[in-house]
Amino acid sequence: MYTFSIDNSNLYLEADGNVFIHSINEFPLLANATQEQRENFTLSPFGIHWPELDEDLSYEGLIKARTA
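In this report, we go over the structure that sits alongside the text. (Residues numbered from 1 in each chain as written. Predicted model: local features only at pLDDT ≥ 70, side-chain atom pairs only at ≥ 80, totals over all residues. Heavy atoms only, no water.)

Turning next to the side chain of asparagine 10. Position of asparagine 10 among the secondary structure elements: in strand E2 (residues 10-15). Here tyrosine 12 takes part through its side chain, which lies 3.3 Å from a polar atom of the side chain of asparagine 10. (Helix = DSSP H or I, 4+ residues; strand = E, 2+ residues; numbered from the N terminus. Polar contact = N/O pair within 3.5 Å; in protein donor to acceptor, adjacent residues only side chain to side chain.)

Here it is, written out as structure tokens:
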């Protein structure tokens, strides 16, 4: 089970008791979006989708980027 949140600066993914933090600046589409667009996301079993931005991030990719 994954928990996801976003604020003006960061993405937060919680998985298995660990929190993985990514700067919004790592993702140009999110960095250039309005806060309203950033907050308009859906979660699937595999990741996060921003329909307005046509942006998808996988949970696996977000975790691997912080553990590699």
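This part covers unusual backbone geometry. Backbone geometry places aspartate 16, a non-glycine residue, at a positive phi of 55 degrees. The residue aspartate 16 is located in the loop between E2 and strand E3 (18-23) in this model. Residue classification places aspartate 16 among the exposed positions, given a relative accessible area of 74%. Of note, the phi angle at aspartate 54 is positive, near 55 degrees, even though the residue is not glycine. Mapped onto the elements of the fold, aspartate 54 is located in the loop between strand E5 (47-50) and strand E6 (55-58). With relative accessibility at 60%, the residue aspartate 54 sits in the exposed group. (Buried < 20%, exposed > 50% of the residue type's maximum accessible area, 1.4 Å probe, protein only.)

With antiparallel pairing, the 3 strands of this open sheet are ordered in space as E4-E5-E6. Edge positions in the sheet fall to strand E4 (42-43) and E6, since each has one partner strand and no second. Strand direction decides the pairing type here: E5 and E6, joined by 4 bridges, are antiparallel. Residue pairing for E6: glycine 47 is matched across the bridge by serine 58. (Pairing = 2+ DSSP bridges.)

Okay, the sheet that holds strand E1 (residues 2-6) next. Sheet architecture is open: 3 strands sit in the order E1-E2-E3, paired in antiparallel fashion. Only two strands of the sheet have a single neighbouring strand rather than two, namely E1 and E3. Across the sheet, the mean angle from the axis of one strand to that of its neighbour is 15 degrees, orientation sign disregarded. Strand direction decides the pairing type here: E1 and E2, joined by 5 bridges, are antiparallel. (Axes fitted to C-alpha atoms, helices over the stretch in contact; angles between N-to-C directions.)

With that out of the way, let us pick up the nonpolar core. Residues Leu11, Leu30, Trp50 and Leu57 are the most contacted members of the largest nonpolar core, which totals 17 residues. Contributing elements (two or more residues each) for this core: E1, E2, E5 and helix H3 (59-67). Leucine 11 has contacts with Phe4, Ser5, Ile6, Phe20, Ile21, His22, Ile24, Phe27, Leu30, Trp50 and Leu57, leaving out every residue within four places of it along the chain. (Core = buried A, V, L, I, M, F, W, Y, C linked by side-chain atoms within 4.5 Å. Contact = heavy atoms within 4.5 Å.)

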